[in-house]
2 protein chains.
Amino acid sequence: MSVFYHARRISDKYYLDMRMNQGVEWAAHCAALLAALPPDVAVSAAALAEFHGLPAPYLAKAMQSLAAAGVVVAVPGRRGGYRLARPAEVITLLDIVVAVDGDADAFRCTEIRRRGPSAVPHRYYSPRCGIAAAMWEAEQAFRESLASVTVASIAEGVRRDSPPAAVEKGRRWLESLLTR
Amino acid sequence: MSVFYHARRISDKYYLDMRMNQGVEWAAHCAALLAALPPDVAVSAAALAEFHGLPAPYLAKAMQSLAAAGVVVAVPGRRGGYRLARPAEVITLLDIVVAVDGDADAFRCTEIRRRGPSAVPHRYYSPRCGIAAAMWEAEQAFRESLASVTVASIAEGVRRDSPPAAVEKGRRWLESLLTR
């Protein structure tokens, strides 16, 4: 088993392509839903999972990440659950991506320019490799794009783009949930 | 073992953060090195690995990806190896990232807006969820940034930023390799 595990570890590192944690999608939809509700209304992770047709234990994890990052607040009690920690106008898609997926760089520079037969003592190298700098500039463009989108605008877009019948069904379901 | 494997699969999907394949860094450095050589000179994967202090079997894989994507050409024979397939001025960092890491979207939309108690028949939904659209717009900004950087400019930057002693040591090593 340990050999198998090792092989998986190497292949994970080498073969997995760059992808976002699936929880990002879930968290973004949950945040958009919370943004559409009155600010003092909290919704449980179980209800959020049911509303979105998602596996509750995994969604709970994503919501805990949002809470840990200060995007949502966990409200205790019978009417408890999650609500947005701040107005939806000042929460961005970047806040959600970072909360669930972390803020590590997608590109990891291992300073291979300092290895091999051309190597000289480390103190002679410029602080940043040009290849890493170009990669990180692209990642910065990605982040700036996400930071320009608020949860308020997403919630508005979801409402605008949803079939009216779906909005009405969702409204009724939430109403019955909140008056349970 | 199958249960273990399954658990790893789920946790990979859920927990791994967004990161680029490590081979992207290696491939970018190799492309920059090839760009600094006369266009008809080919360098073997083994020599590229030695020059960069990298594990040869893994680098071979990254170079094969570059070849499959038409970024480099594999030249057979005793003086064979890899050379750039096109002038370094028309190969971009995006070409390299896509060659090694694939061109799949980092964000995968699973259309969760169409699930749960608010669901209506699929034909009523707009073609793209607004959350996915915002994510893909950010990914497009990332790609455009990478597409604006050529291998020629990276090679120039590597030469400019490298300690002169390292450039000289690298030059001598390559010279002895190519006249072997």
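Residues numbered from 1 in each chain as written. Chains lettered and ligands numbered in written order. Predicted model: local features only at pLDDT ≥ 70, side-chain atom pairs only at ≥ 80, totals over all residues. Heavy atoms only, no water.

**What to know about the overall build of chain A**
Threshold: Runs of E in the DSSP output that reach at least two residues are strands. Runs of H or I that reach at least four are helices, and both are numbered from the N terminus. To get the radius of gyration, use the C-alpha atoms; to get the globule rule, take the number of residues to the power 0.38 and multiply by 2.2 Å. The rule is simple: take the accessible area with a 1.4 Å probe, protein chains only, and divide by the maximum for that residue type; under 20% is buried, over 50% is exposed, in between is partly exposed. We call two residues in contact when some of their heavy atoms are within 4.5 Å. Working definition of accessibility: Shrake-Rupley area with a 1.4 Å probe, residue cover restricted to the visible protein chains. Under the counting rule used here, the positive set is Lys and Arg, the negative set is Asp and Glu, and His together with the chain ends is not counted. Positions of charges follow a simple convention, taking NZ of Lys, CZ of Arg, CG of Asp or CD of Glu.
Secondary structure assignment for chain A yields eight helices and two strands. Counted from the first residue to the last, chain A has its helices and strands arranged as α-α-α-α-β-β-α-α-α-α. Its C-alpha atoms give chain A a radius of gyration of 21 Å, more than 25% over the compact-globule value 16 Å for 180 residues. Across its three principal directions, the C-alpha atoms of chain A cover 70 × 45 × 30 Å. With 180 residues in all, chain A has 47% of them scored as buried. Here the contacts in chain A between residues at least 6 apart in sequence split such that 67% fall between residues at least 24 apart. Element-wise, carbon and sulfur atoms account for 58% of the exposed surface of chain A, whose accessible area totals about 8,700 Å². The average position of the 22 basic charges and that of the 18 acidic charges among the side chains of chain A differ by 6 Å.

**Here we look at the interface of chain B and chain A**
Cut-off, in case you're wondering: When two components associate, each loses some accessible surface as probed by a 1.4 Å sphere; the sum of these losses over both components is called the buried area. Here, a salt bridge means any side-chain nitrogen of Lys or Arg that lies within 4 Å of a carboxyl oxygen of Asp or Glu. Think of a polar contact as two N or O atoms within 3.5 Å of one another; within protein, one of them needs to be a possible hydrogen donor and the other a possible acceptor, and neighboring residues in sequence only count if both atoms come from side chains. Each residue is assigned to one of three groups, with Ala, Val, Leu, Ile, Met, Phe, Trp, Tyr, Cys and Pro labelled nonpolar, Asp, Glu, Lys and Arg labelled charged, and all others, Gly among them, labelled polar.
Taken residue by residue, the interface counts 75 residues in chain B and 73 residues in chain A. Approximately 7,100 Å² of surface area, both sides summed, lies buried where chain B meets chain A, with 66% of it carried by carbon and sulfur atoms. Taken together, the links from chain B to chain A amount to zero salt bridges. At the junction of chain B with chain A, the criterion picks out twelve residue pairs in polar contact (both at pLDDT 80 or more). Among the elements of the structure, α1 (2–15), α2 (22–35), α3 (45–52), α4 (56–68), α5 (93–101), α6 (130–147), α7 (151–161) and α8 (164–178) of chain B are those that each provide at least two residues to the side of chain B that touches chain A. Here the side of chain B that touches chain A takes eleven residues from α6 of chain B, the largest share from any one element. A breakdown of the residues in the side of chain B that touches chain A according to their chemical character gives 42 nonpolar, 13 polar and 20 charged.

**Digging into α8 of chain B**
Spacing of three or four residues puts side chains on the same side of an α-helix, whose turn is 3.6 residues. Residue and element names in this part refer to chain B. Formally: Expected span of a helix: the number of residues minus one, times 1.5 Å. The arc refers to the directions leading from the helix axis to the C-beta atoms.
Under the 1.5 Å per step criterion, the end-to-end length of α8 is 21 Å for 15 residues, consistent within 8% with the ideal 21 Å. Among the residues making up α8, those that are buried are Ala166, Gly170, Trp173, Leu174 and Leu177. In an axial view of α8, the angular spread of the buried residues amounts to 95 degrees, which keeps them on one side of the axis. Buried positions along α8 lie against α2 and α3.

**Considerations on the relation of the copies chain B and chain A**
Stated precisely, the cut-off is as follows: The fit set for superposing copies consists of C-alpha atoms from residues with pLDDT of at least 70 in both; the fit itself is least squares.
Between chain B and chain A, the superposition needs a rotation of 180 degrees and an axial shift of 0.0 Å, giving an RMSD of 0.0 Å. Between the two chains, the operation in question is that of a two-fold axis. Comparing contact sets, 97% of the residues at the interface of chain B also lie at the interface in chain A, consistent with an isologous, same-surface contact.

**Section: the side chain of Arg113 of chain B**
In this fold, Arg113 of chain B is placed in the loop between α5 and α6. Judged by relative accessible area, Arg113 of chain B falls into the buried class, the value being 14%. Reaching out from Arg113 of chain B, the side chain makes a polar contact with the side chain of Glu111 of chain B at a distance of 2.7 Å. Filtering out sequence-adjacent residues up to four positions away, Arg113 of chain B remains in contact with His29 of chain A together with Ser118, Tyr125, Ser126, Pro127, Arg128 and Cys129 of chain B.

**Things to note about unusual backbone geometry**
You will see that Glu111 of chain A, though not glycine, has its phi angle at about 55 degrees, which is positive. With respect to the element layout, Glu111 of chain A can be found in the loop between α5 (93–101) and α6 (130–147).

**A closer look at the confidence of the model for chain A**
All names here are of chain A. Our working definition: pLDDT expresses how confident the predictor is about each individual residue, on a scale running from 0 to 100.
Mean pLDDT over chain A stands at 89; residues scoring 70 or higher make up 91%. Taken as a whole, residues 1–16 scores under 50 in pLDDT and shows 28 contacts with residues more than four places along the chain or in a different chain. At the level of chain-chain contacts, confidence expressed as ipTM amounts to 0.88, with global pTM at 0.88.

**Quick notes on the environment of Arg78 of chain A**
Relative to the helices and strands, Arg78 of chain A resides in the loop between β1 (72–75) and β2 (81–84). Taking relative accessible area as the criterion, Arg78 of chain A reaches 71% and is therefore assigned exposed.

**Considering the packing of aromatic side chains**
Residues and elements named next belong to chain B. The line we're drawing: By convention, a stacked pair of Phe, Tyr or Trp rings (six-membered ring in the case of Trp) has centres within 6.5 Å and planes under 30 degrees apart, an edge-to-face pair has planes over 60 apart, and any other such pair is tilted.
Under the counting rule described, the total for this entry stands at five aromatic pairs over all chains. Taking 5.5 Å as the distance between ring centres and 50 degrees as the angle between the ring planes, the aromatic pair formed by Phe51 and Trp173 counts as tilted. In this pair, Phe51 is assigned in helix α3 and Trp173 in helix α8, connecting sequence segments 122 residues apart. Under the relative-accessibility criterion, Trp173 is labelled buried at 13%.

**Some words on the pairing of strand β2 (residues 81–84) of chain B**
All names here are of chain B. Definition in use: Between any two strands, at least two bridges found by DSSP are needed for them to pair.
Where strand β1 (residues 72–75) and β2 come together, four bridges link them in antiparallel fashion. Across the sheet, residue Val73 finds its bridge partner in β2, namely Arg83. Here β1 hands over to β2 after five residues, with Gly77 in that stretch at a positive phi of 105 degrees.

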